[in-house]
Amino acid sequence: MFLPAGSQDETGIQISNRLRAAESFRLVTKKRNFKTISTPVVEYANTFTNQMAGMDLHSMLKWFNAEGEIEVLRPDWTAAIARAIAGQHPSEQKWSYQGSVFRFDKDETENRQAGIEIVHADQFLGEAESLLTAIAYLKNLTIDTYVIELGHTGIFDAIVGPYHFDEKQELVLLDAMHDKRSDLVEEIVTQAGHPALAEPLVALIDAYGSREIINTYRERWKKHQDLLDILSHIEKLMDLLESAGVTEVIVDLGRVKNLPYYDGIMFRGFLTNDGSTCFSGGRYDRLYEQFQQKTSAVGLAFDVDTLAKHMNAEQEPEKICILATPATHAVAEQFRIDMEEQVVDIQYQLKSDANYQKIYQVVEEDSQYKVVEK
Ligand SMILES: N[C@@H](Cc1c[nH]c[nH+]1)C(=O)O
């Protein structure tokens, strides 16, 4: 029997790491006063495809319900949580969640996430708390070789804003910027009749790295107060991260949004050893406009599958086996209950390839059962 592309079975260490990652996330977020929330796996597509959320229906797992409405498997937590908490009192600000999202446009159809959303809070506080929570969580998992990258949707918007692109052209341009394809970017803007955009956009593709990038662009954008404000904003977050002990912080001024609802700062965490993205997030105030709320909303989500792959394996406890019979199984069970630290298996017969550090057996002595090492 086969599985569809994008689906896979899992066993052993990956599962135990994932469960440990989940427990650690629960503890770290609880200590930081996040309230847990869960939303159903099945929702109306509209929660994610409405004008403010803007997600693409094509990538969703979907069907028609009996009323002819489109339902989907949750493709994203952030939009689902916005729907769920829109009616909550604004004093409820910090939410955390864990569970799967389902999308066709990723390597795997099901991705397990652990995330946080901070709404109605001071803007900087929300961003700082999101990033500091991410750092605390990675520390708790003893993952310490990662890079945090900061970007801002306002940069691309400010540069491209004065020029007209239709919706399709803009999507292709965003994709080309996202993939850092200078050749394509140049081609797209030229074909759209805006060759003057080629130089600033292509330069932006390479505008990533450490703090010096900010200084270079401060000079370059000295007449654009909106862009200077964005640079100061990014720099303030870099200062915060560095004071919190994160040594590798980079800025990517050419970063474009990977989700349509982002509107402001964006952040990502990369694991140094293979460059995989372990968390991603950003500001999305506009998502709340669908509920007639003008508020602050920011958050991030960890890819728990990626974390589980990179966590150190748990130290394996000693594995022992008790050889018993149907008549002595209960005696063996009592012995097992007393062995608190070990992994204890009970077998009636030892298999030739069995892999135990110690073998015990149940023996009868003076008409009493005892468990002794073999
Ligand atoms: N929902 C985003 C992560 C996020 C949480 N909050 C804001 N962004 C994602 O799946 O990448």
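Small disclaimer: the values here were computed from a predicted structure and weren't measured.

### Notes on the sheet that holds strand 4 (residues 70–73)
By definition, the strands of a sheet pair up through backbone hydrogen bonds, in either a parallel or an antiparallel sense. The strand order 2-4-3 describes an open sheet built from 3 strands, whose pairing is antiparallel. Two strands lie at the open edges of the sheet, namely strand 2 (42–44) and strand 3 (62–64), each paired on one side alone. Ignoring which end each strand starts from, the neighbouring axes of this sheet average 35 degrees apart. Pairing geometry for strand 2 and strand 4, over 3 bridges, is antiparallel. Paired with Tyr44 across the strands is Glu71, a residue of strand 4.

### Some thoughts on the UniProt feature "binding site: L-histidine" (unreviewed entry) in the chain
The positions UniProt marks with the feature "binding site: L-histidine" (unreviewed entry) are Asp76, Trp77, Thr78, Arg103, Gln113, Glu117, Tyr261 and Tyr262. On the secondary structure map, Arg103 appears in the loop between strand 5 (94–102) and strand 6 (110–119). For Arg103, a relative accessible area of 11% gives the class buried. Arg103 has contacts with Met55, Ser59, Leu61, Pro75, Glu108 and Thr109, leaving out every residue within four places of it along the chain. In this structure the side chain of Arg103 is engaged in a polar contact, spanning 3.1 Å, whose partner is the backbone oxygen of Pro75. Inspection of the secondary structure puts Tyr261 in the loop between strand 9 (249–252) and strand 10 (265–271).

### Focus: the pattern of salt bridges
If charged atoms from side chains of opposite charge come close, those side chains can pair. One pass over the structure, following the stated rule, counts 26 salt bridges. Here Arg220 makes a salt bridge to Glu199, at a shortest N to O gap of 3.0 Å. Taken as a pair, Arg220 in helix 9 (residues 212–220) and Glu199 in helix 8 (residues 198–205) lie far apart in primary sequence, 21 residues in all. The salt bridge partner of Arg218 is Glu235, with a shortest N-O separation of 2.9 Å. With a gap of 17 residues between them, Arg218 in helix 9 and Glu235 in helix 10 (residues 225–243) connect regions that are remote in the sequence.

### Brief notes about helix 10
With 19 residues, helix 10 extends 27 Å from end C-alpha to end C-alpha; this agrees with the ideal 27 Å at 1.5 Å per step. Buried residues belonging to helix 10 abut helix 4 (123–140), strand 7 (146–152), helix 5 (153–160), helix 9, strand 9 and strand 10.

### Digging into the site of the ligand
Taken together, 15 residues lie around the ligand, and Asp76, Thr78, Glu117, Tyr261 and Tyr262 are the ones closest in. At 2.6 Å, a side-chain N or O of Tyr262 approaches a nitrogen atom of the ligand. Notes on the ligand: free accessible area 310 Å², of which the protein chains cover 95%. A per-class count over the shell around the ligand returns 7 nonpolar, 6 polar and 2 charged.

### Section: a negative patch on the surface
Where like charges cluster on the molecular surface, the negative patch consists of Asp157, Asp166, Glu167 and Glu170. Looking at the element boundaries, Glu167 is found in helix 6 (residues 167–178). By relative accessible area, which is 69% here, Glu167 ends up exposed.

### Examining unusual backbone geometry
Outside of glycine, negative phi angles account for most residues, and trans bonds account for most peptide bonds. Unlike most non-glycine residues, Thr142 shows phi in positive territory, near 55 degrees. Considering the arrangement of structural elements, one finds Thr142 in the loop between helix 4 and strand 7.

### Quick notes on the side chain of Thr29
You can see Thr29 is positioned in helix 1 (residues 12–31). Given the relative accessible area of 1%, Thr29 is considered buried. With residues near it in sequence (within four places) discarded, Thr29 still touches Phe34, Ser96, Ile116 and Thr133.

Each value, and the rule that gives it
- Residues numbered from 1 in each chain as written.
- Predicted model: local features only at pLDDT ≥ 70, side-chain atom pairs only at ≥ 80, totals over all residues.
- Heavy atoms only, no water.
- Pairing = 2+ DSSP bridges.
- Helix = DSSP H or I, 4+ residues; strand = E, 2+ residues; numbered from the N terminus.
- Axes fitted to C-alpha atoms, helices over the stretch in contact; angles between N-to-C directions.
- UniProt positions renumbered as here; feature names shortened; annotations may be inferred.
- Buried < 20%, exposed > 50% of the residue type's maximum accessible area, 1.4 Å probe, protein only.
- Contact = heavy atoms within 4.5 Å.
- Polar contact = N/O pair within 3.5 Å; in protein donor to acceptor, adjacent residues only side chain to side chain.
- Salt bridge = Lys/Arg side-chain N within 4 Å of Asp/Glu carboxyl O.
- Expected span 1.5 Å × (residues − 1).
- Near = heavy atom within 4 Å.
- Areas by Shrake-Rupley, 256 points an atom, 1.4 Å probe, with all protein chains shown as cover.
- Nonpolar A, V, L, I, M, F, W, Y, C, P; charged D, E, K, R; others polar.
- Patch = residues over 30% accessible without salt bridge, like charges linked within 9 Å, V, L, I, M, F, W, Y side chains within 5 Å.
- Lys, Arg positive; Asp, Glu negative; His and termini not counted.
- Charge placed at Lys NZ, Arg CZ, Asp CG, Glu CD.

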